[in-house]
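Results of the structural survey
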Amino acid sequence: MALTPNTNEAFLREVDDEVRRDQLLSFWERYGRWLIGAIVLALALFGGVLYWQHRRSVAAGVEGEKLQTAFDSLAADQPAKADPVLKELAGSSHDGYRALAKFTQGDILLQKNDLKGAAAKFAEVANDNGVAQPFRDLALVRQTSAEFDTLKPQVVIERLRPLAVAGNPWFGSAGEMVAIAYINSGRRDLAATLFSQIAKGEDVPESLRQRAVQMASVLGNDASAAADTANVRVVKPATVKEAQAK
């Protein structure tokens, strides 16, 4: 007796469902344990990441407290007490605390007139790829300032020229050193132009802009007009030697 069309379709669906059931059962028997293991491993890794992040957060809080105690010791004129704490933090895995500790160590060495040691500390921050670029740039400026008298003018120019650009956060400090290096290398025209740009820089500290106005005037560029519009107090131009000595 022939099956009706509806009965035939139902039969085919039942066969298809049974085939799929057999395929799933075969897949589970073959790969089920591996699948469970993969899920357990993924959950373990996820839990491990959460725990690691928690531990880093806790460790960062502890290091923050340690850094504050070091600052308190320095404020109380007890650098010997702050020294071991700063040494520990200088090896921290947290980029911010590591950089702050090394900056502080460099400042302490500057106070001791250890320019070479201070420059080395600032250089460590400048060459630390984990630290944010603005702080690395600041470290490079401070390193160059500490060892300026021992560097050839061209070294200063090549090192700081990328920072001696209007709009850069460290334009004033970097630009002033580059301009003086230009003078020392006999390129007074470039120095005059750079000092004029510094004098016009709205984000440059006022004291630095005043020096730039003086130097630009000594070198033949009248930056007084630009300085007046920016409310910078203009003083009598000094000689190159006098301005460098300040």
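A quick note: this is a predicted structure, and the numbers were derived from the prediction, not measured. Within every chain, residues take consecutive numbers counted from 1 along the sequence as written. Given that the model is predicted, a residue must reach a pLDDT of at least 70 before its local features are reported, and side-chain atom pairs must reach 80 or more before they are shown or counted; all residues, however, enter totals for whole chains, interfaces and linings. Side-chain measures were taken over the full set of non-hydrogen atoms in the model, leaving aside hydrogen atoms and water.

Attention shifts here to the side chain of E176. With respect to the helices and strands, E176 occurs in helix α7 (residues 171–184). The class for E176 is buried, based on a relative accessible area of 16%. Two residues form a contact once any of their heavy atoms are found within 4.5 Å. Apart from the residues within four sequence positions on either side, E176 is in contact with F171, F195, I198, L208 and R211. Helix and strand assignments come from DSSP, with helices taken as H or I runs of at least 4 residues and strands as E runs of at least 2, each series counted from the N terminus. A simple rule labels every residue: compare its accessible area, found with a 1.4 Å probe on the protein chains alone, to the largest value its type can have, and call it buried under 20%, exposed over 50%, or partly exposed in between.

Here the focus is helix α6 (residues 153–160). In an α-helix there are 3.6 residues to a turn, and that puts residues three or four apart on one side. When we look at burial in α6, the residues that qualify are V156, I157 and L160. For α6, the arc enclosing every buried residue in end-on projection is 100°, short of the 170-degree limit, so these residues lie on one face. The elements touched by buried residues of α6 are α5 (133–146) and α7. Note that the arc is defined by the directions from the helix axis to the C-beta atoms.

Now for α5. To estimate how far a helix should reach, multiply one less than its number of residues by 1.5 Å. In this model α5 runs 20 Å from its N-terminal to its C-terminal C-alpha over 14 residues, within 8% of the 20 Å that 1.5 Å per residue would give. Every buried residue of α5 is listed here: R136, D137, A139, L140, V141, Q143, T144 and A146. On the buried face of α5, the contacting elements are α3 (95–111), α4 (115–126), α6 and α7.

Here an angle of 0 to 180 degrees is reported between the N-to-C directions of two axes, which are lines fitted to C-alpha atoms, with helices fitted over the stretch in contact. Where α3 meets α4, the closest approach of the two axes is 8 Å, and the angle between their N-to-C directions is 165°. One way to sum up the angle between α3 and α4 is to call them roughly antiparallel. Every pair of crossing elements has a handedness; the one defined by α3 and α4 is left-handed. Across the interface between the two elements, A99, K102, F103, Q105, G106, D107, L109 and L110 of α3 pack against L115, G117, A118, K121, F122, E124 and V125 of α4. Three classes are used: nonpolar for Ala, Val, Leu, Ile, Met, Phe, Trp, Tyr, Cys and Pro, charged for Asp, Glu, Lys and Arg, and polar for all others, with Gly counted as polar. Classifying every residue of the contact of α3 with α4 gives eight nonpolar, three polar and four charged. We call two directions roughly parallel when the angle between them is under 35 degrees, roughly antiparallel when it is over 145, roughly perpendicular when it lies between 65 and 115, and oblique otherwise. Take the far helix as your reference; a near helix turned counterclockwise from it by less than a right angle gives a left-handed crossing, and one turned clockwise gives a right-handed crossing.

Residues belong to a common nonpolar core when they are buried Ala, Val, Leu, Ile, Met, Phe, Trp, Tyr or Cys residues joined through side-chain atoms within 4.5 Å. Counting residues in each nonpolar core, the largest one holds 40 residues, and the members touching the most others are V156, L160, V178, A191, L194, F195 and I198. Those elements giving two or more residues to this core turn out to be α3, α4, α5, α6, α7, α8 (188–200) and α9 (206–218). The element best represented in this core is α7, accounting for nine residues. When residues no more than four places from it in sequence are discounted, the contact partners of F195 are E176, A179, I180, I183, A212, M215, A216 and L219. Counting nine residues, the second largest nonpolar core, distinct from the first, contains A70, A82, L86 and I108.

Moving on, we get to the pattern of salt bridges. By convention in these notes, a salt bridge is any Lys or Arg side-chain nitrogen within 4 Å of a carboxyl oxygen on Asp or Glu. Across all of its chains, the model carries nine salt bridges by this definition. Residue R161 is joined to E158 by a salt bridge in which the shortest nitrogen-to-oxygen separation is 2.6 Å. Owing to a relative accessible area of 43%, E158 belongs among the partly exposed residues under this scheme. Residue E176 pairs with R211 through a salt bridge whose shortest N-O separation is 2.7 Å. Pair noted here: E176 is in helix α7 and R211 is in helix α9, with a separation of 35 residues, a long-range link.

With that settled, consider unusual backbone geometry. Of note, the phi angle at D77 is positive, near 60°, even though the residue is not glycine. With respect to the element layout, D77 can be found in the loop between α1 (5–75) and α2 (79–89). By relative accessible area, D77 is classed as exposed at 65%. Even without glycine at this site, N113 takes up a positive phi of about 65°. As for its placement among the helices and strands, N113 is situated in the loop between α3 and α4.

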